[in-house]
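# Coordinate analysis (summary)
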Amino acid sequence: MFMSVTIRDIAKIAGVSVTTVSHAINHTRYVNPDVVERINIIIKETGYKPTKRSSRQIYSFVLIVPQINTSFYSNLANAISRRLEEEGYRLSVYAAHNNEEIIAYLKELKNDLTIKGLFFVCPLPFKKYLEPLLRRALPMVFIGHSIDGFKENTVLFDHENGIYNAAKHLIKRGHQRIGFLLFPDSSDFNEEKLMGYKKALEAFDIPFSKELICVSSRSAKFFLDSNLKSDHPITAIICANEASTLYIYDYINREVIKCPDILSIIGAADNPWTALLQPAMTEIQQAPNEMGNTAAQLMLDRINGSDQSKIIRTPSHLCPRESIKNITRGHFGEIAKPPSTLDLTED
């Protein structure tokens with residue numbers, strides 16, 4: 001008999017996916033009878049004891065997102081769904097276009113006993129509508145946002161280190177006059193982002209200047225015009241979110257500013273189209289699959305008896321592409337070039 005056998009062990013022995021084993025056990029989707037028989041034999045031989053659930057009642061979880069037409073939200077939903085399916089649960093996704101829709105939906109959920117838990121990606125400024133669900137002891141996981149006064153599991157992106165690594169990447173390539181587009185958005189993490197920017201400058205003994213920070217799209221054109229035409233122009237810029245990323249690319253196209261020859265750019269759109277830009281954009285990526293897996297595991301831990309609420313920050317990933325110019329000089333004053341531009345020979 002195997003010790004501590006898991007559903008993953010059963011899947012590996014049977015030569016099928018964890019999802020297939022889950023469906024075979026819980027009868028939630030058609031599985032080839034021969035595969036079902038093989039799985040049942042392995043379960044009997046290993047002594048694996050699957051969690052018992054009513055075949056008539058399939059509990060589900062709900063993920064509430066502001067939109068589903070972006071790769072970030074779709075990848076996040078897929079990651080959560082795959083992990084939950086391994087345990088025989090289903091995930092429903094509700095796309096809320098405004099606060100009124102979220103409020104109405106939460107009222108509907110109050111009496112829906114088939115819902116096992118909620119994942120929130122939308123910011124929630126209205127705590128009172130969650131209180132009936134909390135009285136029901138309905139488990140919740142907040143993703144990308146937190147609510148003051150609510151001790152629920154939360155998965156956040158490490159904004160500070162994301163910006164820190166972006167600024168360090170530029171500094172190591174010779175940039176010192178680095179602009180920062182810190183447009184406000186639906187998150188409350190601009191202070192963390194600014195801290196990451198400041199820490200990177202401090203680590204390389206570069207003085208911080210408020211003149212290199214832009215916090216509004218209304219003043220962005222003046223900010224960019226003045227800083228690009230000054231006696232000490234910026235050579236690079238970091239965008240804190242998708243709105244500022246879209247703005248900077250629109251700006252350089254309108255003003256015919258070459259990237260990265262005149263201005264190097266690091267964006268934060270986290271979308272497939274960034275690789276198709278000319279030049280392809282270096283970006284800060286939020287790893288939605290990792291966030292989704294983490295959120296799903298926190299939820300499963302909670303429904304399996306854990307009463308400990310955690311705040312977990314998932315790390316950022318900087319994806320270097322062609323929008324960064326290397327202006328570091330060599331021993332003889334030459335400007336270094338990226339490997340992709342060099343013609344290498346065997347001589």
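Everything here concerns the structure above.
Here's a quick rundown of the structure.

Scoring rules and cut-offs
Residues numbered from 1 in each chain as written. Predicted model: local features only at pLDDT ≥ 70, side-chain atom pairs only at ≥ 80, totals over all residues. Heavy atoms only, no water. Pairing = 2+ DSSP bridges. Helix = DSSP H or I, 4+ residues; strand = E, 2+ residues; numbered from the N terminus. Phe/Tyr/Trp six-rings, centres within 6.5 Å; stacked < 30°, edge-to-face > 60°. Buried < 20%, exposed > 50% of the residue type's maximum accessible area, 1.4 Å probe, protein only. Lys NZ or Arg CZ within 6 Å of the ring centre and 35° of its normal.

## Quick look at the pairing of strand E10 (residues 282–285)
Where strand E9 (residues 264–267) lies against E10, 2 bridges are found, and the strand directions are parallel. Bridging across to E10, Gly267 finds its partner in Glu283. As judged from the 3 bridges shared by E10 and strand E12 (residues 317–319), these two strands associate in the antiparallel manner. Considered in E12, the bridge of Glu283 is made with Cys319.

## Thoughts on the packing of aromatic side chains
This structure, assessed with the given rule, holds 8 aromatic pairs. Here the aromatic rings of Phe180 and Tyr197 are separated by 5.0 Å at their centres, their planes lie at 20 degrees, and the arrangement is stacked. Placement of Phe180 in strand E6 (residues 178–181) and of Tyr197 in helix H8 (residues 190–203) is noted, with a sequence separation of 17 residues between them. Judged by relative accessible area, Phe180 falls into the buried class, the value being 0%. The buried category is assigned to Tyr197, whose relative accessible area is 1%. Between the aromatic rings of Phe183 and Tyr247, the centroid separation amounts to 5.8 Å while the plane-to-plane angle is 75 degrees, which identifies the pairing as edge-to-face. Within this pair, whereas Phe183 is found in the loop between E6 and H8, its partner Tyr247 is found in helix H10 (residues 242–254), the two being separated by 64 residues in sequence. Each member of the pair, Phe183 as well as Tyr247, is classed as buried. Aromatic ring contacts, followed pair by pair, group Phe61, Tyr89 and Phe119 into a single cluster. Here Lys198 stacks its cationic end above the ring of Phe208, 4.8 Å away from the centre of that ring.

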